[in-house]
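Below, each chain spelled out in residue letters.
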Amino acid sequence: MKFNIQHEASASKGRFYVEDNGKTLAEMTYSVAGSDKIIIDHTDVDDSLRGMGVGLKLVETSVAYARENNIKILPLCPFANAQFKKHAEFRDVLV
């Protein structure tokens, strides 16, 4: 199943999310910490999408965003932190 992960950001916060008919089904939120760092603070995936790898896709999207924008990630969210520990290929963007 293909998920359309969207991104919205303001000067201080942002989120990567999956929406269906105006309802947010999965979301990873972050806070902007200066010009070169974001802090992932929360990940939530609706029960209807559990087990489909959506949470991992959100992490992958945040990693791609960090690489494109030359910023680092501090994963305070327990889920995101666990994914960074499992996937060595993401560690180049860690603070």
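Please refer to the structure placed before this passage.
In this text the structure is predicted, and so the values were computed from the model without any measurement.

Novice: I tried to follow the sheet that holds strand 3 (residues 23–32) on my own but got confused; where do I start?
Specialist: Within a sheet, adjacent strands bond to each other through the backbone by hydrogen bonds, running parallel or antiparallel. Spatially, the five strands line up as an open sheet ordered 1-2-3-4-5, and their pairing is mixed. Unpaired on one side and paired on the other, strand 1 (5–9) and strand 5 (72–75) mark the two borders of the sheet. Neighbour-to-neighbour, the strand axes of this sheet turn through a mean angle of 30°, independent of strand direction. Strand direction decides the pairing type here: strand 2 (residues 13–20) and strand 3, joined by eight bridges, are antiparallel. The residue bridging Gly 14 from the neighbouring strand is Tyr 30, located in strand 3. Docked against the sheet, helix 1 (residues 54–69) engages strand 1, strand 2, strand 3, strand 4 (37–45) and strand 5, running at close to 40° with respect to strand 3.

Novice: Just to check I follow, could you spell out the pairing of strand 4 for this structure?
Specialist: Regular strands place their side chains on alternate faces of the sheet. Sheet topology places strand 3 next to strand 4; seven bridges connect them, and they run antiparallel. Residue pairing for strand 4: Met 28 is matched across the bridge by Thr 43. The antiparallel pairing of strand 3 with strand 4 creates a hairpin that spans four residues between the two strands, and Gly 34 there sits at a positive phi of about 85°. With four bridges joining them, strand 4 and strand 5 adopt parallel strand pairing.

Novice: Teacher, can you tell me more about the nonpolar core here?
Specialist: One finds Ala 26, Ile 40, Leu 49, Val 54, Val 59, Ile 73 and Phe 84 to be the most contacted residues of the largest nonpolar core, which totals 24 residues. The set of elements that each furnish at least two residues to this core consists of strand 2, strand 3, strand 4, helix 1 and helix 2 (78–86). Here this core gets five residues from one element, more than from any other, and that element is helix 1. Excluding anything up to four places from it in sequence, Phe 84 contacts Ile 40, Val 59, Val 63, Ile 73, Pro 75, Phe 90, Arg 91, Val 93 and Leu 94.

About the cut-offs
Residues numbered from 1 in each chain as written. Predicted model: local features only at pLDDT ≥ 70, side-chain atom pairs only at ≥ 80, totals over all residues. Heavy atoms only, no water. Pairing = 2+ DSSP bridges. Helix = DSSP H or I, 4+ residues; strand = E, 2+ residues; numbered from the N terminus. Axes fitted to C-alpha atoms, helices over the stretch in contact; angles between N-to-C directions. Contact = heavy atoms within 4.5 Å. Core = buried A, V, L, I, M, F, W, Y, C linked by side-chain atoms within 4.5 Å. Buried < 20%, exposed > 50% of the residue type's maximum accessible area, 1.4 Å probe, protein only.

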